[in-house]
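In case you want the letters, here they are:
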Amino acid sequence: MRRVTRPLAMLGLAMGVALGAAADDTHERSPHGILHRISQDDIARVDGRLREALEARGMRLMTVVDHAGNAAGVDLELPETRTFIFGNPAVGTPMMQCQGSLALDLPQKMLLRETTEGTRIEWNDPHYLARRHDLEACDLPLDKVAGALSAIAEAAAGP
């Protein structure tokens, strides 16, 4: 398997994060690598802000999966739940060159779902994905990716 060891400084720039930025550790972490934020706004507002945040950072929104709509199609109920699938091939491709199995988790995903706490925004911690896919031998700026995803979630959560 070919390992990419060249620096990927463009990754931080493509994700819209300053090169010196570090990951924001203010979100709640789970042992399963899921980070989250809670917004008190309804899912429609969070959805709109997420779309704006992705566009502002040059991310390609590939699709949005409407899980509640799919459930209703088979006469089941689910709170409003949407998975946004997005990315930037200039960022994701070098990561997959490092370890092909990362394609199981890329493109990036961000989940919006209505809960009793408000609209919950969830995403995978890139450091968790690095452990999951054995990316230690790769020179990847995971802190920058984590910072970008955190900034996108913050923008979606709103003030």
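Note that the structure is a prediction, hence the values are computed from the model and not measured.

Q: What's the story with the sheet that holds strand β5 (residues 118-124) in this structure? I'm lost.
A: Sheet strands pair by backbone hydrogen bonding; their relative direction is either parallel or antiparallel. What the five strands build is an open sheet, ordered β1-β5-β4-β3-β2; its pairing is antiparallel. Edge strands, defined here as strands with exactly one partner in the open sheet, are β1 (34-39) and β2 (60-66). For this sheet the average axis-to-axis angle between neighbouring strands, irrespective of direction, equals 20 degrees. Bridge analysis of strand β3 (residues 81-87) against strand β4 (residues 108-115) gives six bridges, and the strand direction is antiparallel.

Q: Mind showing me how you'd approach the nonpolar core here?
A: Nonpolar side chains tend to gather and get buried jointly when the protein is soluble and globular. Within the largest apolar cluster, 19 residues are counted, with the highest numbers of intra-cluster contacts made by Leu 50, Phe 86, Met 110 and Ile 121. Contributing elements (two or more residues each) for this core: α2 (43-56), β3, β4, β5 and α6 (142-157). In terms of residue count, the dominant contributor to this core is α6 (six residues). Setting aside anything within four residues of it in sequence, one finds Leu 50 in contact with Phe 84, Met 110, Leu 112, Ile 152 and Ala 156. In this structure, Met 95, Leu 129, Ala 130 and Leu 142 belong to the second largest nonpolar core, which totals ten residues.

Q: Would you mind going over the pattern of salt bridges with me for this structure?
A: Pairing is possible between side chains that carry opposite charge, provided their charged atoms lie close to one another. Following the criterion strictly, the structure yields nine salt bridges and no others. Measuring nitrogen to oxygen at the nearest pair gives 2.5 Å for the salt bridge that ties Asp 47 to Arg 51. Linking Asp 47 with Arg 51, this pair stays in helix α2, spanning four residues, or about one helical turn. Given a relative accessible area of 8%, Asp 47 falls into the buried group. Arg 51 gets classed as partly exposed once you look at its relative accessible area, which sits at 37%. For Asp 47, the salt bridge is made with Arg 82, and the minimal N-O distance between the two is 2.7 Å.

Q: In this structure, what is going on with the environment of Arg 37? I would like to understand it.
A: Considering the arrangement of structural elements, one finds Arg 37 in strand β1. On the accessibility criterion, Arg 37 (10% relative accessible area) is buried. Here the alpha-carbon distance between Arg 37 and Ala 153, two residues 116 residues apart in the chain, equals 6.9 Å.

Q: Sorry if this is basic, but what is going on with the confidence of the model for the protein chain here?
A: Low-confidence regions, as indicated by low pLDDT, have predicted coordinates that should not be scrutinised in detail. Confidence in the prediction of the protein chain, expressed as mean pLDDT, is 85, and 81% of residues score 70 or more. In this model, residues 1-27 is a region of pLDDT below 50 whose contacts with residues beyond four sequence positions or in other chains number 64 contacts.

Calculation criteria
- Residues numbered from 1 in each chain as written.
- Predicted model: local features only at pLDDT ≥ 70, side-chain atom pairs only at ≥ 80, totals over all residues.
- Heavy atoms only, no water.
- Pairing = 2+ DSSP bridges.
- Helix = DSSP H or I, 4+ residues; strand = E, 2+ residues; numbered from the N terminus.
- Axes fitted to C-alpha atoms, helices over the stretch in contact; angles between N-to-C directions.
- Core = buried A, V, L, I, M, F, W, Y, C linked by side-chain atoms within 4.5 Å.
- Buried < 20%, exposed > 50% of the residue type's maximum accessible area, 1.4 Å probe, protein only.
- Contact = heavy atoms within 4.5 Å.
- Salt bridge = Lys/Arg side-chain N within 4 Å of Asp/Glu carboxyl O.
- pLDDT = per-residue confidence, 0-100.

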